[in-house]
Amino acid sequence: MDIQYIGEHLFWGYAGRAALIIAFLLAVFAGVSYLRASSDWRIDHRQWRCYGRRAFRIHALMIGVASFSLMYLLLNQYYEYRYVWVHMENDLSLGYQIASFWAGQEGSLLFWILCQAVFGLIIMRVSRRWEMPVMTIFSFSQVFMVSMLLGIRWGSINIGLDPFLLLRQAPENIGNIFFQNPDYLSQITDGNGLNPLLRNFWMLSHPPVTFIGYAAVFVPFSFALAGLWKGKFHDWIKPAIPWTLLGIFFLGAGILLGGVWAYESLTFGGFWAWDPIENASLVPWLILVAALHLQLISQKKRHTYAPAFLFTILAFIFVIYATYLTRSGVLAETSVHSFGRDGMGTHILIYLFSFLTLGLILFFKEFSRLPSKKSEKVFTRDFWLFIGALVLALSAFQIIFSTSIPVFNTFLGTNMAPPTDVVDHYNTWQLPFAIAIALLIGFTHFIRWGENKFRVFAQRISLSVGLAILITLVLALAYQLQRPDYLLMVFASLFAFFSSMDMLLRFSKTYISKGGAVTHLGMSVLFLAIVITFSQQKTISKNTSGYHLGESFPETENLLLIKGEVLPMGEYYVTYAGKSFDGERMHYQIDFLKKNKDGEYYKVFSSVPTVLLNERMGNVYEPYAKVLPLRDIFTYITYADLDQGAIPDAQQLLETMTISVGDSVETGNNILVFRDIHTESLGQVPGMDNLRVIADMVLYTHFGEHYHIRPAFVFSDGEIIHEDDIAEQVEMRFRLARAADEPYTVELEVYEERLDFIIVKSIVFPMINLLWAGIVILLAGLWMAWRARIRTARGKM
């Protein structure tokens, strides 16, 4: 007998699921229609093109309906749906409610599909004769991607995930007695909640920007395949370049926003940790940048078509591979970004190998027909741009090889060990590539497309080289740089910087409007900031507390702070001022102090690292970066005594005793001697309303130490005020509760005094503001370059 469930909101779930099925079928029809229309460039295939257009437009509309349906379910917190229950909770702000859309596998895939559908609509409008072959590839890509969200279960065969799956229909809940209650929904008052790692401002933008980048990278891939398919080896480049730039911009912005998020939210202490998923997203960006420069060579000189095609194809293939690494679960144990294992890996691999096979078949089929350069002249811009593209590709392949070691072990049965010190491994390999790229940026500015005379080249380059050498010497002395590779990286970055500035100042109208020199300027600043910031970072939180921290907290990196104590830290003194709880995060205020001429402390600034409390998914320790003009002081909690959601009580009652003058009693491992009791009058008129009663006691420890204890209570205006005394060395508090009936006898309460302390780590990052400036300049240059290409295409230059 079917159970009639109460309160479920099924309409939008049915609407979303139906929209995805219709979108899948329409993508198939659009692909077939455009394929028929693309069989020739002749006009008599207009009807099939019309069919393809209508089908793709309705397909895009259905993707929009599915996206709206999922967002509607999330914003209304309909917890009967599995995706909503897993990623939503009652207390999320609107921004994080929206972010929950792409917090999981299904929603992020749907967003990517939506972006790709929007780009498809744009291509239909602007691509003219390229519409039919490009949209054929687009439509069949949508077939693969939408199939990942069909959620079809047929025996042991699963086709895709279902973003509109009801919680009671989830495989893990089948047979659960809880869902046999028709009114089960009334007992679900809250969702599991958004991953606490995602509750950061930058995560509102990092995932969607990255997925827009993924969708944009697919466009030049489609043009490249269309160019091979139709034998138009040169014509595809002009419409592809703006999309290549757009892909570089959004994919780069997504990566860099992720770096900002990591810096502000994670405690590895830095901008980039060479996490496997970070690497997987960096690789297609590097290959796409290489592809862009090869496209420029091919467009300008009408050769180098083969590598331009190959790298443009590989850029998107590695986007799919990055998706596989993220979503298959193969890196679940090595990356904070990875989703778990839910069967998506095989589906993504089918998508990857289908388009890789298609691309390689077309590439090798037409390879012999691709125009090539008859003779190679070394001293030309196209030659060195080609070398730069190869350097970028080699850099990318080194990264992806090391990142893919778990994949090799899984599929090949090997037992290769991944690098133990990941940061050192990648830094060692990538530094030579970075030096080469910076040097190539520097001197290719001074090499023209045609013939070049070395004498003229040397004259042009001399100023930039001279300034780079001079500033390198200054920075070497200022930061005590001694490693030859660091010095060479600083020189190469400065050389690229000054050569870019030379181009911008001497040819401002041309180079600023085109954006290339601005992009190179940003990259040079970024390179310089990276080498200075991360070679000169310094941990200043040495443990000077006198307490042994244990093996988990290295004494050279961690400092134990007891509330109210002042301890030295680098050039500062620090004190733990206290904590507060806002219902979600525990905030710890650490004041950084200095001494004036009189030896008195004054506050310079406060650092407020936090701990985001989450019982279900674990607490997240969030750093605090104090931004100063020439450096950041990056501080985070490495240990705190956490009571979920509340500030712990400062004390705990150990015992209550009745004690008389002259008595000696045992409390804990100590002996307490009650020596005397006396009173003090607090007013001019003696009386019980203005009297302090003081007990004079001595606490003897089992170590042979003794401490004078003077607890008291005050009668004031009919009220009793307790004045406790604390023996900090043994962490005990003594309270004179009241006078007993017998003379010279009191009731004494003994508390365990819990020290309020934290362990912190602080790192100084010099010149990190230069890194952020480099990122802004880099992205600004890419945007300017994209706009310049769009204006050229529209004839508005």
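Residues numbered from 1 in each chain as written. Predicted model: local features only at pLDDT ≥ 70, side-chain atom pairs only at ≥ 80, totals over all residues. Heavy atoms only, no water.

Topic: the overall build of the chain
Thinking step 1. Helix and strand counts for the chain come out as 19 helices and 23 strands.
Thinking step 2. Residue burial in the chain is summarised as follows: out of 797 residues, 52% are buried.
Thinking step 3. Taking the intrachain contacts of the chain between residues at least 6 apart in sequence as the baseline, contacts between residues at least 24 apart amount to 67%.
Thinking step 4. Per element, the accessible surface of the chain, about 36900 Å² overall, is 59% carbon and sulfur.
Thinking step 5. Where the 62 positive side-chain charges of the chain centre and where its 65 negative ones centre are 29 Å apart. (Helix = DSSP H or I, 4+ residues; strand = E, 2+ residues; numbered from the N terminus. Buried < 20%, exposed > 50% of the residue type's maximum accessible area, 1.4 Å probe, protein only. Contact = heavy atoms within 4.5 Å. Areas by Shrake-Rupley, 256 points an atom, 1.4 Å probe, with all protein chains shown as cover. Lys, Arg positive; Asp, Glu negative; His and termini not counted. Charge placed at Lys NZ, Arg CZ, Asp CG, Glu CD.)

As for the confidence of the model for the chain
Thinking step 1. When the pLDDT values of the chain are averaged, the result is 88; 93% of them are 70 or greater.
Thinking step 2. A low-confidence stretch, residues 644–649 stays under pLDDT 50, and its non-local contacts, those more than four residues away or across chains, total 17 contacts. (pLDDT = per-residue confidence, 0-100.)

Considering the side chain of E8
Thinking step 1. By the element assignment, E8 lies in the segment before α1 (11–37).
Thinking step 2. At 2.7 Å, the side chain of E8 forms a polar contact with the side chain of R168.
Thinking step 3. Only 2.5 Å separates the side chain of E8 from the side chain of Y184, close enough to count as a polar contact.
Thinking step 4. Sequence-distant contacts of E8, defined by excluding residues within four places in its chain, comprise E80, L166, R168, Y184 and L185. (Polar contact = N/O pair within 3.5 Å; in protein donor to acceptor, adjacent residues only side chain to side chain.)

Overview of unusual backbone geometry
Thinking step 1. Located in the positive-phi region is W274, a residue other than glycine, with phi close to 55°.
Thinking step 2. Looking at the element boundaries, W274 is found in the loop between α8 (237–265) and α9 (276–301).
Thinking step 3. On the basis of relative accessible area, W274 is assigned to the buried category, the value being 11%.
Thinking step 4. Positive phi values are uncommon outside glycine, yet Y744 reaches one of about 55°.
Thinking step 5. Structurally, Y744 can be placed in the loop between β21 (732–739) and β22 (745–753).

Here's the deal with helix α7 (residues 206–230)
Along an α-helix, a turn takes 3.6 residues, which lines up residues three or four apart on a common side.
Thinking step 1. Under the 1.5 Å per step criterion, the end-to-end length of α7 is 37 Å for 25 residues, consistent within 8% with the ideal 36 Å.
Thinking step 2. Burial analysis of α7 places 23 of its 25 residues in the buried class, the great majority of the element.
Thinking step 3. G231 occupies a position one or two residues after α7 and carries a positive phi of about 70°. (Expected span 1.5 Å × (residues − 1).)

Regarding the nonpolar core
It is characteristic of soluble globular proteins that their nonpolar side chains tend to be buried jointly.
Thinking step 1. In this structure, W112, F138, F221, W285, F309, F316 and L325 are the most contacted members of the largest nonpolar core, which totals 191 residues.
Thinking step 2. With 17 residues, the top contributor of residues to this core is helix α10 (residues 305–327).
Thinking step 3. In terms of nonpolar packing, the next biggest core, distinct from the first, is built from 22 residues, I540, L559, M586 and F592 among them. (Core = buried A, V, L, I, M, F, W, Y, C linked by side-chain atoms within 4.5 Å.)

Describing the side chain of S139
Thinking step 1. Within the secondary structure, S139 sits in helix α6 (residues 131–147).
Thinking step 2. Filtering out sequence-adjacent residues up to four positions away, S139 remains in contact with A27, A30, G31, Y34 and F56.

With respect to the packing of α7 against α10
Thinking step 1. Two elements in contact, α7 and α10, have axes separated by 8 Å at closest approach and are oriented at 140°. Comparing the axis directions of α7 and α10 gives the class oblique. Along this stretch, α7 crosses α10, giving a crossing that reads as left-handed. In contact with F211, Y214, V217, F218, P220, F221, A224, L225, G227 and L228 of α7, α10 contributes F309, T312, I313, A315, F316, I317, V319, A322, T323 and R327.
Thinking step 2. The class makeup of the residues in the contact of α7 with α10 is 16 nonpolar, 3 polar and 1 charged. (Axes fitted to C-alpha atoms, helices over the stretch in contact; angles between N-to-C directions. Parallel < 35°, antiparallel > 145°, perpendicular 65-115°, else oblique. Left-handed = near helix turned anticlockwise from the far one by under 90°. Nonpolar A, V, L, I, M, F, W, Y, C, P; charged D, E, K, R; others polar.)

What about the pairing of strand β12 (residues 631–640)?
Thinking step 1. Across the 10 residues that make up β12, a large majority, 7, are buried.
Thinking step 2. In the sheet, strand β11 (residues 624–628) pairs with β12 via 5 bridges, with the strands oriented antiparallel. The partner of Y624 across the bridge, within β12, is T635.
Thinking step 3. Connecting β11 to the next strand, β12, in antiparallel fashion are 2 residues.
Thinking step 4. Strand direction decides the pairing type here: β12 and strand β23 (residues 757–766), joined by 9 bridges, are antiparallel. (Pairing = 2+ DSSP bridges.)

Notes on the environment of H425
Thinking step 1. Here H425 lies in helix α14 (residues 422–444).
Thinking step 2. Taking relative accessible area as the criterion, H425 reaches 22% and is therefore assigned partly exposed.
Thinking step 3. Each C-alpha atom, one on H425 and one on W274, is 9.4 Å from the other, the two residues being 151 residues apart in sequence.
Thinking step 4. In this structure the side chain of H425 is engaged in a polar contact, spanning 2.9 Å, whose partner is the side chain of S402.

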